[in-house]
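What follows is the residue order along each chain.
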Amino acid sequence: MELCAQKRPPEDERRVKANARDYNEKFQYASNCIKTSKYNIVTFLPVNLFEQFQEVANTYFLFLLILQLIPQISSLSWFTTIVPLVLVLTITAVKDATDDYFRHKSDNQVNNRQSQVLINGTLQQEQWMNVRVGDIIKLENNQFVAADLLLLSSSEPHGLCYIETAELDGETNMKVRQAIPVTSELADTSRLAQFDGEVICETPNNKLDKFSGTLYWKENKYLLSNQNMLLRGCVLRNTEWCFGLVIFAGPDTKLMQNSGRTKFKRTSIDRLMNTLVLWIFGFLVCMGVILAFGNAIWEYKVGARFQMYLPWDTAVDSAAFSGFLSFWSYIIILNTVVPISLYVSVEVIRLGHSYFINWDKKMYCAKRRTPAEARTTTLNEELGQVEYIFSDKTGTLTQNIMVFSKCSVHGRSYGDVQDMLGHKAELGERPEPVDFSFNPLADPRFRFWDAGLLAAVQLGNPHVHEFFRLLSLCHTVMSEEKNEGELYYKAQSPDEGALVTAARNFGFVFRARTPKTITVHELGHAITYQLLAILDFNNVRKRMSVIVRNPEGKIRLYCKGADTILLERLHPANLELASITTDHLNEYAGEGLRTLVLAYKDLEEGYYGDWAERLRRASLAPDAREDRLARLYDEVEHDMMLLGATAIEDKLQQGVPETIAILTLANIKIWVLTGDKPETAVNIGYSCKMLTDDMTEVFVVTGHTVLEVREELRKAREKMMDGSRSMGNGFSCQEKLCSSKLPSVLEAIAGEYALVINGHSLAHALEADMELEFLETACACKAVICCRVTPLQKAQVVELVKKYKKAVTLAIGDGANDVSMIKTAHIGVGISGLEGIQAVLAADYSFSQFKFLQRLLLVHGRWSYLRMCKFLCYFFYKNFAFTMVHFWFGFFCGFSAQTVYDQYFITLYNIVYTSLPVLAMGVFDQDVPEQRSMEYPKLYEPGQLNLLFNKREFFICIAQGIYTSVLMFFIPYGVFADATRGDGAQLADYQSFAVTVATSLVIVVSVQIGLDTGFWTAINHFFIWGSLAVYFAILFAMHSNGLFQMFPNQFRFVGNAQNTLAQPIVWLTIALTTVVCIMPVVAFRFLKLDLKPELSDTVRYTQLVRKKQKTQHRCMRRVGRGGGGGPRGPRRSGYAFSHQEGFGELIMSGKNMRLSSLALSSFATRSSTSWIETLRKKKGGDSSNASSPSGGADKTLKV
Amino acid sequence: MTSKSREDAQHPPSRCPDNSAFKQQKLSAWQPELTPASVLSGFILIGVFCLTMGVCLILSARSVKEVQINYSDKCLNCSKLRENSSNWNTECLCSADFKLEEKIQGDVFMYYSLQNFYQNHRRYVMSRSNAQLLGRNTDIRNSNCAPFSTYRNGTPMAPCGAIANSMFNDTISLFYYTNLSTAIQVPLLKTGNSWWTDKYVKFHNPTSHNLTSAFAGTARPPYWQKPAYLLDEENERNNGYINDDFIIWMRVSAFHTFRNLHRRLSRTEQFADGLPAGNYTFHIFYNFPVSRFKGKKYLILSTVVWCGGSSLFLGIAYTVSGAVVMLAGFIITAIHLKLKKRKTYFQR
């Protein structure tokens, strides 16, 4: 493992020669061995200790320890600090060691993966870590790529190979890589062994989509690009084998360069705690200064005269110096106000909460066999304070499964689920789906509930036939038939997959295609259409068409596309049909379905011939090819005949609308940030009820320039303010106030608004001078949807809210494009779904269903927050009560830093006597049962408003602690001052006083924790009673004869416990102290509960009453998905189609079809790589339009 | 074992969490609630208890008879004499008279009380060697006794440390005037005043055939008149480190004003019932100067009851807190009844 950690000189460029290990050795490139672990057995202790002492708290305690070794200062024995410190260091070290052990294990697993390396002309199995730069390795189908490789050759034609990059960028659709032509012929080992090309390329970097280099071979130069590279982390798919030359290995690979150290996240409670600790530290110094002055004055006035009996230390020559020393002494004994065990206890509690999350059966997804996982154990209580959720769409809200749900054919709508009486059936009471058994080629997974459509097909309705014929012809799906009748569709957009599958099941089976033909089984008869042209899809056209010639020789154009576009292009004869279809489209859109309109047009032979000729010429034109083609396409797609419309359901994840509704009730604002198109995003917004048709207005910002965006945002704000004014809900604001305090006004607007903003508008909106405006507008809206955003923009939006809103943000997503926002947000949640594991790896929490979010936040988060707050309040209280007694005692012992308690009590108080009960409360406490937190989402509010632990609560705890310490000191003082024991002996000796105060302190804080504990499980009982028992056991043990005999100078309190605690007056003192310390607390708590109950109190109270009455009434507000009420207001298009341009051309070129399956010879005319160029260009153009390369737009769906 | 591992191989371990009450956070639990009934009755009960307790304590404390004599002023001349260290060997006797109007019945305890004597000072508290007091032969130079550990010539002090050195060493005797001229000494017990554990566990004399040889090679602390083995010349078993006066002194006080038990009345002859009424005199051989640090010395004669001496503090504290708790209970009841129905969150 050590060889991983070499230091290497920085590189200017990288030179790699194939098959020349000796040559490459000179450059000392990193080997392919990766190391994510931090320690080994030897370095663990020093390195870990070094790291731990970088923590301020630990250094502080080390400093105290050193202070204690100075005899003039030492007011405590050295072990009072060292025992807790060692305990804390050990716990942390054990945790670090286990973490590192697992990293070692995973490193080993990765490093020991096998790969085939070409060494001395033969393929040999090697472990990954032994692969060197310059080696040629062979990959087989479905293998992980071991390092960053230059693709040399593959089993596929033209040196193509397909890879899946899920682990790298989260996209699950396959990507194509191609070897450069000269090397693609090197297909056997003997020729590869002779390959001695040299690559000179860029130095290791983290840019996943860029590579530049040159291959020098046989005196020729070949330019290399990312298109020739296979990156570590990818998986080879659909390619039998390929060979690659290792360019970057191990830590130099782009994957590893990208996995930067994750930022360490702190919770807001952490930050508050740190501030408070600083304040407490300041307070400590103040106390020290007061007592030091006291000491100086005392030594000057009293101590100087008392020197006869108690001379000053030899080093001390003046009262002032004595005061100075006493300052340090007091710092030592008062240090327990900042208890070292605080940080460890907090970590332990959070760890416990993390385990509860991991163990939660209700967050386990049986289908994917994944339990929820708290990957970070330090953020739990922040889950109870979330105000903003930023959600990805695809894979998070939706399953990215498209289902053919409804259709409208020639003015009749099919697809409504009907019950016996013909009424629309509610969800959940579905009858049997339609039986497709007549069709041997049907896809068994396809479900449709309206038998009417199948009947129409079987009755031979020509419109329905034409409808499905269109669906089976007009697409870019590839089919694969492994066995007879076993069809697999490779669709590059899931929508198309759904449409073609629907056609397949209704008897129009798309069977096979060649570049020039499409074979369709129409109700059992194989018909081969001649494919004349594919008028490809793009985002401007929003439609695609095919021109086919049927066996009878008729030429027909089939077109599908957006309603907004197609309805304008219909033949006037369709007017009536169009209006009916529009009604249907509205209905579909209202249900959040994605709609497409289908149309056809017959073309005359002559016209087509002419058009085709012009098309051919245009496609060969050197300049403005695109424009010419577009114009030609536009010309032919006119005066079409309407066939109908389809509606596809973008399947939501389970329970998404319900979850969103509950989270909204909990006052959490949900923003959807998606790389998808606005249409799709809006559709999903409607289907998961973030947007409703009842909303006052949905603002759509699509401006391209700064001015436009600003204007649109301003208008939106004005409208909202107009709205709230016209609503006139007693909220009439003066103009002046409005203009000066815009945000506050917008906070209180009436009516529900939503904001949809586009990627390029967002880019402007996020600029420094507009971001506030944007934020104000967006925060005034109930729902915000950002579309076409890049991963970086996702992070920027999160950052913006974090910066100005001071609110806790949570980002949830499943793809690699969500990683940036997951890392930026306070809490990142990864959906462990289909899209790789990058998001999960970057996330703090992961589970497999969006709906678990409500449980994570409302149950786990809420409890964590509650428990942590109660814990902190109690912890500060108990330490102040404990420590401040020393302060009061200082005034009575000449400010000499004499402790009140036995030193063992001081050592053990925080780590034994009082630690476990409060830990048990911090881990197990519950105020209301989990079901109630779902029923009353408002219970979540205290966390968002920071009500349970803030500076005010802190001061209350401190005040309570100080109050307790005053009584704890002065009541025993009053009693002891001139009292005697029942047997006449002296009572007020120091040791008896110490035992009395310590005992009453332990009892008071135990009673207090008993009051604070709202949920007494057996464990709480055990710890609370156990702590008291342990206190007395240890007390008697420490004061026993045996220990004293062994260490007379250490255990001085011999016989004290039995002598002191036998006195009734001591017990009376303890009882009085307890009563006086506790009763005010009880009174205040009761009055608060009685007069100003929190929601949780009320819920608990009703729970109690309910339990008594044994009656049940549900108050759950069900939130269904039912699509009641038609859309109001202006018509809304339901168009959404995730498709990518370029595949039409790819199909027509035949490049993606196997050599065996077709006669390629006739298509060799076009340049072989042009389609790849086109694809890349299109994609590049797309992403420069500020869109996400992944998102939902382009994913493969195998149907 | 093997069958189990084979089973594991057949069914990959389920990742589904266990359905245990602990892991699902469904442990049965008692959820206490501050109900009006329990809180109000709690307040009244505790209030009643405290009041009763307070009255009992006050009555008990009032039944204690106590005489307190400040003799630091009366013996001012002795105090002045002592402060000059050259006079350490001269004896100074002073006496304090007082009259008992009525007799003190029962066990009578004699205390000395010091004011402004900071026995609870950190350096003072530390300045002792428990090992030495246990009779062990330890090197006291390593203990906290400095500067009272050894003399310049290296002779260790026995006992060492500031506490031992500053031991209260006034010799006090009490005389009772049976008539105007004749006074008889009141018999007082020197032993049995300290804790059993102190006398028999915490303190031991060094083992040797006699005490003198046990303390051989050591010297008395500088402020002592007599070496440790001569503290009680009459009683061999009350000598050296296990001398009761010494043990009591070594149990340092928590505050700078304190009283230590010094003697007990030996209830014999005319003192069988306690101290009869009449005139008394304390004869004090003054050895312990306090005036330099503005200290005060008292002698106290007192009886005790079950709850100790005459201090009224606890009784009053109980009465006051009992009253306050009761009052608070009534106020809370009033508030609760006035608002009658529990307001709910939803009604707000």
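Residues numbered from 1 in each chain as written. Chains lettered and ligands numbered in written order. Predicted model: local features only at pLDDT ≥ 70, side-chain atom pairs only at ≥ 80, totals over all residues. Heavy atoms only, no water.

**Q** Explain the overall build of chain B to me, please; I cannot follow it from the model alone.
**A** Along the backbone of chain B there are 10 helices and 11 strands. Relative to its length of 348 residues, chain B is extended, with a C-alpha radius of gyration of 31 Å against a globular reference of 20 Å. Dimensions along the principal axes, computed over C-alpha positions, put chain B at roughly 95 × 70 × 40 Å. A burial count over chain B gives 48% of its 348 residues as buried. Look at the contacts in chain B between residues 6 or more apart in sequence, and 79% of them connect residues 24 or more apart. In the form shown here, chain B has an accessible surface area of approximately 17200 Å², with 56% of it arising from carbon and sulfur atoms. Both charge centroids of chain B, one from 39 positive and one from 23 negative side chains, sit 12 Å from each other. (Helix = DSSP H or I, 4+ residues; strand = E, 2+ residues; numbered from the N terminus. Rg over C-alpha atoms; globule rule 2.2 N^0.38 Å. Buried < 20%, exposed > 50% of the residue type's maximum accessible area, 1.4 Å probe, protein only. Contact = heavy atoms within 4.5 Å. Areas by Shrake-Rupley, 256 points an atom, 1.4 Å probe, with all protein chains shown as cover. Lys, Arg positive; Asp, Glu negative; His and termini not counted. Charge placed at Lys NZ, Arg CZ, Asp CG, Glu CD.)

**Q** Which parts of the structure should I look at to understand the interface of chain B and chain A?
**A** By a frequent convention, interface size equals the accessible area lost on bringing the separate parts together. Counting residues at the interface gives 96 residues for chain B, matched by 110 residues for chain A. Taken together, chain B and chain A are joined by four salt bridges. When the shortest N-O distance is used, the salt bridge between B:Lys26 and A:Glu930 registers 2.6 Å. Linking chain B with chain A are 33 residue pairs in polar contact (both at pLDDT 80 or more). Those elements that provide at least two residues to the side of chain B that touches chain A are α2 (36–62), β4 (109–115), α4 (122–126), α5 (130–133), α7 (196–202), β8 (258–265) and α10 (313–338) of chain B. Tallying contributions element by element places α10(B) first for the side of chain B that touches chain A, with nine residues. Partitioning the side of chain B that touches chain A into residue classes produces 54 nonpolar, 26 polar and 16 charged. (Salt bridge = Lys/Arg side-chain N within 4 Å of Asp/Glu carboxyl O. Polar contact = N/O pair within 3.5 Å; in protein donor to acceptor, adjacent residues only side chain to side chain. Nonpolar A, V, L, I, M, F, W, Y, C, P; charged D, E, K, R; others polar.)

**Q** What am I meant to see in the domain arrangement of chain B here?
**A** The assigned domain composition of chain B is domain 1 (38–64 + 309–333) and domain 2 (66–303). Spacing between the C-alpha centres of domain 1 of chain B and domain 2 of chain B amounts to 39 Å. (Domains from an automatic or database assignment.)

**Q** Help me understand the UniProt feature "active site" (unreviewed entry) in chain A, please; the structure alone is not making it clear to me.
**A** Residue and element names in this part refer to chain A. With numbering matched to this structure, UniProt assigns "active site" (unreviewed entry) to Asp392. Topologically, aspartate 392 is positioned in the loop between β15 (386–391) and β16 (398–409). Exposure remark for aspartate 392: the relative accessible area of 3% places this residue in the buried category. Excluding anything up to four places from it in sequence, aspartate 392 contacts Leu397, Leu673, Thr674, Lys794, Ile812, Gly813, Asp814, Asp818 and Met821. Engagement of the side chain of aspartate 392 in a polar contact is seen with the side chain of lysine 794, the distance being 3.3 Å. (UniProt positions renumbered as here; feature names shortened; annotations may be inferred.)

**Q** What is the right way to read the UniProt feature "domain: P-type ATPase C-terminal" (unreviewed entry) in chain A from this model?
**A** UniProt's entry tags residues 840–1093 of chain A with the feature "domain: P-type ATPase C-terminal" (unreviewed entry), counted in the numbering of this structure. Note that residues 840–1093 of chain A is 72% helix and 1% strand, and that its end C-alpha atoms are spaced 40 Å apart.

**Q** Help me understand a nonpolar patch on the surface in this model?
**A** All names here are of chain A. Taken together, Leu278, Trp279, Phe281 and Phe955 make up a surface patch of nonpolar side chains, about 410 Å² in accessible area. Within the secondary structure, phenylalanine 955 sits in helix α34 (residues 951–976). Phenylalanine 955 sits in the partly exposed class, given a relative accessible area of 45%. (Patch = residues over 30% accessible without salt bridge, like charges linked within 9 Å, V, L, I, M, F, W, Y side chains within 5 Å.)

**Q** Looking at this structure, I do not really get the state of the cysteines. What am I missing?
**A** When the sulfur atoms of two cysteines share a covalent bond, that bond is a disulfide. All names here are of chain B. Taken as a whole and judged by the stated rule, the model has three disulfides over all chains. With a sulfur-sulfur separation of 1.7 Å, cysteine 78 is cross-linked through a disulfide to cysteine 92. Where cysteine 78 bonds to cysteine 92 through sulfur, the torsion about that S-S bond is close to -75 degrees, and the disulfide is left-handed. Here cysteine 78 is found in helix α3 (residues 76–83), whereas its partner cysteine 92 is found in the loop between α3 and β2 (93–100), with 14 residues between them in sequence. Cysteine 78 sits in the buried class, given a relative accessible area of 1%. (Disulfide = S-S within 2.5 Å.)

**Q** What is the right way to read the domain arrangement of chain A from this model?
**A** On domain assignment, one finds that chain A holds domain 1 (14–19 + 131–259), domain 2 (361–396 + 652–721 + 751–854) and domain 3 (401–417 + 436–651). Computed from C-alpha coordinates alone, the two centres of domain 1 of chain A and domain 2 of chain A are separated by 37 Å.

**Q** I tried to follow helix α20 (residues 678–687) of chain A on my own but got confused; where do I start?
**A** One turn of an α-helix holds 3.6 residues; hence residues three or four places apart share an orientation. Counting buried positions along α20(A) yields eight of 10 residues, so the element is predominantly enclosed. Those residues of α20(A) not exposed but buried are A:Thr680, A:Ala681, A:Val682, A:Asn683, A:Ile684, A:Gly685, A:Tyr686 and A:Ser687.

**Q** For this particular structure, what's the right way to read the sheet that holds strand β31 (residues 808–813) of chain A?
**A** Residue and element names in this part refer to chain A. Spatially, the nine strands line up as an open sheet ordered β14-β33-β32-β31-β15-β27-β30-β29-β28, and their pairing is mixed. Each edge of the sheet is formed by a strand with only one pairing partner; in this case those strands are β14 (373–374) and β28 (697–701). Pairing between β15 and β31: five bridges, direction parallel. Opposite isoleucine 389, over in β31, you have leucine 810 as the bridge partner. (Pairing = 2+ DSSP bridges.)

**Q** When you look at unusual backbone geometry in this model, what are you seeing that I'm missing?
**A** Among all residues save glycine, negative phi is the norm, and among peptide bonds the norm is trans. Backbone torsion omega between B:Ala158 and B:Pro159 reads -5 degrees, so that peptide bond is classified as cis. Looking at the secondary structure, you find B:Pro159 in the loop between α5 and α6 (162–165). For A:Leu523, which is not glycine, the phi dihedral falls at a positive 50 degrees. One can find A:Leu523 in the loop between β21 (517–522) and β22 (525–535). A relative accessible area of 35% places A:Leu523 in the partly exposed class. In this model, A:Asp639 sits at a positive phi of 50 degrees, which is unusual for a non-glycine residue.

**Q** Help me out: how do you make sense of the confidence of the model for chain B in this one?
**A** The predicted coordinates ought not to be read in detail in places where the model reports low pLDDT. Residue and element names in this part refer to chain B. Overall, the predicted model of chain B reaches an average pLDDT of 86, with 93% of residues at or above 70. Taking the mean pLDDT of every element in chain B, the minimum, 43, falls on helix α1 (residues 2–10) and the maximum, 94, on α2. Contacts of residues 1–10 to residues separated by more than four positions or lying in other chains number one contact, the stretch itself having pLDDT below 50. Between residues 344–348, whose pLDDT stays under 50, and residues either more than four places distant or in other chains, the model counts 11 contacts. Both scores are available for the predicted complex, with the pTM at 0.84 and the ipTM at 0.94. (pLDDT = per-residue confidence, 0-100.)

**Q** Help me out: how do you make sense of the packing of helix α19 (residues 656–665) of chain A against helix α29 (residues 852–890) of chain A in this one?
**A** The angle between the axes and the distance between the axes are what describe a pair of packed helices. Residues and elements named next belong to chain A. Relative orientation of the contacting elements α19 and α29 amounts to 25 degrees, with a least axis distance of 9 Å. Regarding the angle of α19 to α29, the classification is roughly parallel. Read as a crossing pair, α19 and α29 show a hand that is left-handed. Touching Thr659, Ile662 and Leu663 of α19 are Leu853, Gln854, Leu857 and Leu858, all from α29. Taken together, the residues of the contact of α19 with α29 sort by class into five nonpolar, two polar and no charged. (Axes fitted to C-alpha atoms, helices over the stretch in contact; angles between N-to-C directions. Parallel < 35°, antiparallel > 145°, perpendicular 65-115°, else oblique. Left-handed = near helix turned anticlockwise from the far one by under 90°.)

**Q** Sorry, what's going on with the nonpolar core here?
**A** Considering soluble globular proteins, one finds that nonpolar side chains tend to be buried as a cluster. Ranked by internal contacts, the top residues of the largest apolar core, which has 207 residues, are B:Trp249 and B:Phe282. Top element by residues in this core is α29(A). It accounts for 18 residues. Looking at which domains feed residues into this core, each of domain 1 (38–64 + 309–333) and domain 2 (66–303) of chain B supplies at least three. What B:Phe282 contacts, discounting residues up to four positions off in sequence, is B:Ile69, B:Cys94, B:Ser95, B:Ala96, B:Phe98, B:Met110, B:Ile172, B:Ser173, B:Leu174, B:Leu299 and B:Leu301. With 84 residues, the next largest nonpolar core counts A:Val434, A:Phe506, A:Leu632 and A:Leu642 among its residues. (Core = buried A, V, L, I, M, F, W, Y, C linked by side-chain atoms within 4.5 Å.)

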